[in-house]
Amino acid sequence: MTLVFDNLTKRYGANTAIDGVSTRFEPGTIHGIIGPNGAGKSTLINMTAGSYSVTEGSIRLDDRQLDRMKKYQVANAGIGRTYQNIRLFDQMSVLENLEVCFYDRAKSGIVGEVLWPPMARRRAAERRAICMEYLTFFGLEHMADREAGSLPYGRQRMLEIARALAQDPKVLLLDEPAAGLNHQETAELTERLAALRAPGRIIIVVEHDMDLVMTVCDRITVLHHGKLLFEGTPAEVQASHDVQIAYLGTEHDIEDIRTAAQDRRARLGLRTGRHPQ
Ligand SMILES: Nc1ncnc2c1ncn2[C@@H]1O[C@H](COP(=O)(O)OP(=O)(O)O)[C@@H](O)[C@H]1O
Ligand SMILES: [Mg+2]
């Protein structure tokens with residue numbers, strides 16, 4: 001399974017937001033997308049999720065051309081996402097926010113459930129158990145019955161990721177998951193993301209928090225004015241002069257980022273400069 005962008009281009013009228021980007025995303029990896037505000041990161045996510053049309057070029061998941069599909073077909077093909085601005089069902093409970101994902105997935109079983117109530121009860125119990133596992137992974141199990149809209153912001157972010165994950169996506173798209181999180185919450189998120197790396201899954205994370213990106217990503221794509229400026233391992237990105245000029249700041253800032261990332265990698269037991277399997 002590989003996700004491939006080929007000469008991907010998005011124009012909003014005269015504004016070219018994404019300009020001929022070609023790259024690929026390998027299973028078993030966490031792939032970061034960084035770049036200044038307005039670089040086109042969310043546009044890439046939105047095109048991949050089928051929310052925005054593609055002006056030129058293509059997005060393929062193996063032999064399936066995602067940019068020709070409707071949004072729900074893209075979701076059914078295994079693309080899951082979170083949004084830069086949180087979108088939860090605020091009035092529903094935390095647990096219900098996850099359970100709703102299953103009604104689509106389990107459609108084929110509904111007839112049996114209607115004809116045979118014990119089966120319905122068993123399936124419902126199974127769904128609940130699976131949802132509780134995701135909630136536990138994100139530290140939300142004790143909040144399962146609370147209204148989602150009443151949770152603190154950081155918890156809502158975690159819930160949004162849990163919900164995207166509960167749909168068991170092949171490709172998980174995260175648009176600035178650490179935005180608005182405090183230091184402690186960002187550290188928790190970093191650990192959880194690292195634990196989500198799985199052989200059959202591609203995780204794409206758009207993020208401004210350089211500690212998080214440099215710690216968890218196997219590869220990083222740097223966007224600048226809609227163009228692919230650089231691509232490589234965290235170490236290669238940090239060493240790139242172009243990236244330094246365009247984005248990361250002074251040599252002093254980069255040294256801080258590098259040191260922090262090394263510390264975290266060591267703490268999480270991750271190897272440096274990891275390559276996709
Ligand atoms: N829905 C839209 N309609 C028109 N222009 C848009 C839209 N979304 C984004 N843009 C423009 O596309 C460019 C890239 O935006 P965006 O993808 O949001 O960047 P980033 O997520 O990297 O900050 C910006 O110039 C932005 O103004
Ligand atoms: Mg954005």
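Please refer to the structure higher up on the page.
Only a predicted model underlies this, so the values are computations on that prediction, with no experimental measurement involved.

Here is what the cut-offs are and how they apply
- Residues numbered from 1 in each chain as written.
- Chains lettered and ligands numbered in written order.
- Predicted model: local features only at pLDDT ≥ 70, side-chain atom pairs only at ≥ 80, totals over all residues.
- Heavy atoms only, no water.
- Buried < 20%, exposed > 50% of the residue type's maximum accessible area, 1.4 Å probe, protein only.
- Helix = DSSP H or I, 4+ residues; strand = E, 2+ residues; numbered from the N terminus.
- Pairing = 2+ DSSP bridges.
- Contact = heavy atoms within 4.5 Å.
- Axes fitted to C-alpha atoms, helices over the stretch in contact; angles between N-to-C directions.
- Parallel < 35°, antiparallel > 145°, perpendicular 65-115°, else oblique.
- Nonpolar A, V, L, I, M, F, W, Y, C, P; charged D, E, K, R; others polar.
- Phe/Tyr/Trp six-rings, centres within 6.5 Å; stacked < 30°, edge-to-face > 60°.
- Lys, Arg positive; Asp, Glu negative; His and termini not counted.
- Salt bridge = Lys/Arg side-chain N within 4 Å of Asp/Glu carboxyl O.
- Polar contact = N/O pair within 3.5 Å; in protein donor to acceptor, adjacent residues only side chain to side chain.
- Expected span 1.5 Å × (residues − 1).

Colleague: Requested: an account of the pairing of strand β7 (residues 171-175), with residues and values cited.
Modeller: In terms of burial, β7 is largely enclosed, as five of its five residues are buried. Sheet topology places strand β6 (residues 79-81) next to β7; three bridges connect them, and they run parallel. Across the sheet, Gly80 pairs through a bridge with Leu172, a residue of β7. In this sheet, strand β8 (residues 202-206) lies alongside β7 in parallel orientation, the contact comprising five bridges. Considered in β8, the bridge of Val171 is made with Ile202.

Colleague: Talk me through the pairing of strand β1 (residues 3-12); I want residue IDs and the actual numbers.
Modeller: As paired elements, β1 and strand β2 (residues 15-25) share seven bridges and run antiparallel to each other. Within β2, the residue paired with Val4 across the bridge is Arg24. Here β1 folds back onto β2 in antiparallel fashion, the turn holding two residues, of which Gly13 has a positive phi close to 60°.

Colleague: Let's hear about the sheet that holds β1: which residues, and what values?
Modeller: The antiparallel open sheet is built from four strands, whose spatial order is β2-β1-β4-β5. Each of the sheet's edge strands pairs with one partner strand only, and the pair in question is β2 and β5 (64-65). Sheet contacts for helix α1 (residues 41-48): β1, β2 and β4 (56-61); angle to β1, the most-contacted strand, approximately 115°.

Colleague: Outline the packing of helix α6 (residues 153-166) against helix α7 (residues 183-196), supporting the account with residue identities and numerical values.
Modeller: One way to put it is that α6 packs onto α7 with a least axis distance of 11 Å and a crossing angle of 10°. Classified by the angle between their axes, α6 and α7 sit roughly parallel to one another. Taken together, the residues of α7 that come into contact with α6 (itself represented by Gly154, Met158, Ile161 and Leu165) are Glu185, Leu189, Arg192 and Leu196. Taken together, the residues of the contact of α6 with α7 break down into five nonpolar, one polar and two charged.

Colleague: If you had to explain the sheet that holds strand β3 (residues 29-34) to someone new, which residues and values would you point to?
Modeller: Taken together, the six strands give an open sheet; going across it, the order is β6-β7-β8-β3-β9-β10, and neighbouring strands pair in mixed fashion. Each edge of the open sheet carries a strand with a single partner, namely β6 and β10 (227-232). For this sheet, the mean angle separating the axes of adjacent strands, direction not counted, is 20°. In this sheet, β8 lies alongside β3 in parallel orientation, the contact comprising five bridges. Paired with Ile30 across the strands is Ile203, a residue of β8.

Colleague: Explain the environment of Glu188 to me, and be specific about the residues and the numbers.
Modeller: Tracing the backbone through its elements, the reader meets Glu188 in helix α7. When its relative accessible area of 27% is taken as the criterion, Glu188 is described as partly exposed. C-alpha of Glu188 to C-alpha of Leu223: the two residues are 35 residues apart in sequence and 26 Å apart in space.

Colleague: Quick one: what's the story with the packing of aromatic side chains, residue by residue and with numbers?
Modeller: Enumeration over the complete set of coordinates arrives at three aromatic pairs. Aromatic side chains Tyr12 and Tyr52 sit 6.1 Å apart centroid to centroid with 85° between the ring planes, which places their arrangement in the edge-to-face category. A residue pair is termed long-range when its members are at least 10 positions apart, and Tyr12 in strand β1 and Tyr52 in the loop between α1 and β4 qualify at 40 residues. Judged by relative accessible area, Tyr12 falls into the partly exposed class, the value being 35%. Note on Tyr52: relative accessible area 36%, which makes it partly exposed.

Colleague: Describe the side chain of Arg81, with residues and values.
Modeller: Considering the arrangement of structural elements, one finds Arg81 in strand β6. Of the side chains with opposite charge, Asp175 lies nearest to the buried Arg81, which makes no salt bridge, at 4.8 Å. Reaching out from Arg81, the side chain makes a polar contact with the side chain of Asn46 at a distance of 2.8 Å. Setting aside anything within four residues of it in sequence, one finds Arg81 in contact with Ile45, Asn46, Ala49, Ser51, Ala164 and Leu173.

Colleague: I'd love a proper account of α7, names of residues and values included.
Modeller: Because each turn of an α-helix spans 3.6 residues, side chains separated by three or four positions in sequence point in the same direction. For α7, built from 14 residues, the straight-helix expectation of 20 Å at 1.5 Å per residue is met to within 8% by its first-to-last C-alpha distance of 20 Å. Here α7 starts with a cap whose side-chain oxygen sits 3.1 Å from the backbone nitrogen of Gln184, and that cap is Asn182.

Colleague: Now, about the pattern of salt bridges: what can you tell me, with residues and values included?
Modeller: Evaluation of the coordinates by the stated rule reveals ten salt bridges. Taking the shortest distance from any N to any O, the salt bridge between Glu26 and Arg24 comes out at 3.1 Å.

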